[in-house]
Amino acid sequence: MAQITVQIMSFEVVKAVNPTKATNIKALAESGGLTSVPSEYTFTTNPNDQAEANDPEYSIPTIDFSLLTSGSPDQRSKVLHDLHKACEEWGFFMVINHGVPDKVLKGMISVCEAFFNLTDEEKKEFQGTSNVLDPIKCGTSFNIAIDKVLLWRDFVKVISHPDFNSPHKPVGFSEAASEFSKRTREVATELVNAISETLGLESNYITKAMNWDQGLQLLAANYYPACPEPDRAIGIPPHTDHGLVTLLIQNDMGGLQVQHKGKWVDWNAPPNAFVVNLGDQMQVLTNDKYKSVWHRAVVNSKATRISIAVPHGPSVDTIVVPAPELLEREHQEPVFSGMSYKDYVELQQSSKAYMKPCIDFIRI
Ligand SMILES: O=C(O)CCC(=O)C(=O)O
Ligand SMILES: [Fe+2]
């Protein structure tokens, strides 16, 4: 009987969701008495697809950033070798000793938490429109105009480059986000230069070809409250990221899983490391050599998880094509047709590409 009451109650809360009046999962999770996942949020995963914990085959590649920027020539070439392997075999790696102070990372997580703690009324101002490239946008799920299953996730996204944007609330958000985005971008630039070298190209090849100076950088913060039945809901379903590289930090809760050799691998990065993954534009540029990798965010029953994903891409008007220098050297035909980054992002977030590999739309 109690069970039925709860289900009806949560159904009523969820029914209030509509594209113009977005409610949020934080409010639902905190409303008390929620003992099961409401049907609109039901998303089940297959436990047999999970990688064995501690299997060395699934041990995560780690890149020591300090050796890349200030190691001896031998140390640097060893890191470049590891980076090449990580890009080719995983598309995901962890970056340690990156030099961004803990204070900057923790400061960013804490202002994001404060943002999610604003009242619904206060957040409404930052809801944005249906334009996927709104400078500031917040909401719940992925895109409630097209979602068939609601996600156990609220989000706030801001464009931080080429122009820096920030909500004016809560106090301190803008300062923390500005410092965090600047420092994170410096690390991303070094990594992209190093990735260029691992491809046998000039270190500034990618940044030049992608108009990096005007490149898009987003701060996308995710809020996943504790969930009463974590196996029956999902924070973010399997997807690849649209840009070149994404750098991600999280509070001390895990939840990111990466697909590797057909299994889902738990990614337990320490809070002061960056988790880096390659995005679709890197796969296009390298003509499938370095692939963007499928990943997802699962939820847990213990505590709120916050992650901040920072995708870095070309400038929005760059038409991304496989690098002619690589095609020539490898005697390959291009396997992707060109598309502007802006069109790609819009396509990826449209109903046409919902839960589908967006990159297949431009595969020749
Ligand atoms: O929260 C996470 O760990 C994953 C987030 C993510 O994949 C994204 O925002 O694109
Ligand atoms: Fe992602």
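Cut-offs used in this document
- Residues numbered from 1 in each chain as written.
- Chains lettered and ligands numbered in written order.
- Predicted model: local features only at pLDDT ≥ 70, side-chain atom pairs only at ≥ 80, totals over all residues.
- Heavy atoms only, no water.
- 1 Å grid on protein atoms, 1.4 Å probe; cavity = no way out; pocket = protein on both sides within 12 Å on 5 of 7 lines; lining within 4 Å.
- Points joined across faces, edges and corners; volume = space filled by probe spheres on them.
- Helix = DSSP H or I, 4+ residues; strand = E, 2+ residues; numbered from the N terminus.
- Nonpolar A, V, L, I, M, F, W, Y, C, P; charged D, E, K, R; others polar.
- UniProt positions renumbered as here; feature names shortened; annotations may be inferred.
- Donors = N, O, S within 2.8 Å, 3.2 Å for Na, K, Ca; no water.
- Buried < 20%, exposed > 50% of the residue type's maximum accessible area, 1.4 Å probe, protein only.
- Pairing = 2+ DSSP bridges.
- Axes fitted to C-alpha atoms, helices over the stretch in contact; angles between N-to-C directions.
- Near = heavy atom within 4 Å.
- Polar contact = N/O pair within 3.5 Å; in protein donor to acceptor, adjacent residues only side chain to side chain.
- Areas by Shrake-Rupley, 256 points an atom, 1.4 Å probe, with all protein chains shown as cover.
- Sits in = over half its atoms within 2 Å of the grid points.
- Contact = heavy atoms within 4.5 Å.
- pLDDT = per-residue confidence, 0-100.
- Salt bridge = Lys/Arg side-chain N within 4 Å of Asp/Glu carboxyl O.

## With respect to empty space enclosed by the protein
Here the structure, examined in full by the defined rule, presents 3 cavities of 30 Å³ or more. Every residue lining the largest cavity is counted, 39 residues in all, and those nearest its centre are Phe 142, Ile 236, His 239, Thr 240 and Asp 241. Looking at the lining of the largest cavity, the elements that each hand over two or more residues are β5 (217–224), β6 (236–239), β7 (245–250), β10 (274–278), β11 (295–297) and β12 (305–312). Of the residues belonging to the lining of the largest cavity, the class tally is 21 nonpolar, 10 polar and 8 charged. In terms of lining, the second largest cavity is formed by Val 132, Leu 133, Asp 134, Lys 137, Lys 157, Ile 159, Leu 218, His 242, Val 345 and Gln 349. Of the residues contributing to the lining of the second largest cavity, the split by class is 5 nonpolar, 2 polar and 3 charged.

## Considerations on the UniProt feature "domain: Fe2OG dioxygenase" (unreviewed entry) in the chain
When the UniProt feature table is mapped onto this chain, "domain: Fe2OG dioxygenase" (unreviewed entry) is found at residues 214–314. Within residues 214–314, the helical portion is 6% and the strand portion 43%, while the C-alpha atoms at the span's ends are 7 Å from each other.

## Some details on the coordination of the iron ion (ligand 2)
Looking at the iron ion (ligand 2), the protein donor atoms are His 239 (NE2), Asp 241 (OD) and His 295 (NE2), and they sit 2.1 to 2.3 Å from it. Each donor residue of the iron ion (ligand 2) belongs to the same chain, with the gaps between them written as H-x1-D-x53-H. Taken together, the residues Asp 241 in the loop between β6 and β7 and His 295 in strand β11 connect sequence positions 54 residues apart. On the basis of relative accessibility, which here comes to 12%, the residue Asp 241 falls in the buried class. Of the residues examined, His 295 reaches a relative accessible area of 6% and is grouped as buried.

## Focus: the sheet that holds β5
One open sheet holds the 8 strands; their spatial order is β1-β2-β10-β7-β12-β5-β4-β3, and the pairing between them is mixed. Whereas interior strands pair on both sides, the edge strands pair on one side only; in this sheet they are β1 (62–64) and β3 (136–140). Neighbour-to-neighbour, the strand axes of the sheet open up by a mean angle of 25 degrees, direction not taken into account. Where β7 lies against β10, 4 bridges are found, and the strand directions are antiparallel. Across the sheet, Leu 248 pairs through a bridge with Val 275, a residue of β10.

## Describing the site of ligand 1
All residues adjacent to ligand 1 are Asn 222, Tyr 224, Ile 236, His 239, Asp 241, Leu 248, Leu 256, His 295, Ala 297, Arg 305, Ser 307 and Ala 309. Ser 307 places a side-chain nitrogen or oxygen 2.6 Å from an oxygen atom of ligand 1. Contact with the protein chains hides 92% of the accessible area of ligand 1, taken as 290 Å² for the molecule alone. Spatially, ligand 1 is embedded in the largest cavity. Counting residues per element, the ones that place at least two in the shell around ligand 1 are β5, β6, β11 and β12. Counted by class, the shell around ligand 1 contains 6 nonpolar, 4 polar and 2 charged residues.

## Observations regarding the pairing of strand β9 (residues 263–266)
As judged from the 4 bridges shared by strand β8 (residues 256–260) and β9, these two strands associate in the antiparallel manner. Within the sheet, the bridge partner assigned to Gln 259 lies in β9 and is Trp 264.

## Focus on the sheet that holds β8
The sheet built from 4 strands is open, its strands ordered β6-β11-β8-β9 with antiparallel pairing. Across the chains shown, the open sheet's two edge strands, defined by having one partner strand only, are β6 and β9. In this sheet, neighbouring strand axes are inclined to one another by 20 degrees on average, regardless of whether the strands run parallel or antiparallel. Sheet topology places β6 next to β11; 2 bridges connect them, and they run antiparallel. Bridge pairing in β11 links Ile 236 to Ala 297.

## A short note on the side chain of Gln 281
Note on placement: Gln 281 falls in helix α9 (residues 280–285). Dropping the residues within four chain positions of it, Gln 281 is found in contact with His 242, Gly 243, Leu 244, Pro 314, Val 320, Tyr 341 and Tyr 344.

## Digging into the confidence of the model for the chain
Where the model shows low pLDDT, its predicted coordinates should not be examined in detail. Predicted confidence across the chain gives a mean pLDDT of 91, with 94% of residues reaching 70 or more. Overall, residues 1–22 carries pLDDT values under 50, and its contacts beyond four positions in sequence, including any with other chains, amount to 27 contacts. Both scores are available for the predicted complex, with the pTM at 0.92 and the ipTM at 0.99.

## Topic: the pairing of β3
Across the 5 residues of β3, 5 count as buried, placing the element largely inside the fold. Neither face of β3 is open: one carries Ile 136, Cys 138 and Thr 140, the other Lys 137 and Gly 139, and all of them are buried. Where β3 lies against strand β4 (residues 154–161), 5 bridges are found, and the strand directions are antiparallel. Counterpart to Ile 136 in the pairing with β4 is Val 158.

## Observations regarding the pattern of salt bridges
Per the counting criterion, the structure on display carries 17 salt bridges. In this structure, the salt-bridge partner of Lys 289 is Glu 88, at a minimum N-O distance of 3.5 Å. With Lys 289 in the loop between α9 and β11 and Glu 88 in helix α4 (residues 73–89), the pair connects residues that are 201 residues apart, well separated along the chain. Judged by its relative accessible area of 26%, Lys 289 falls in the partly exposed class.

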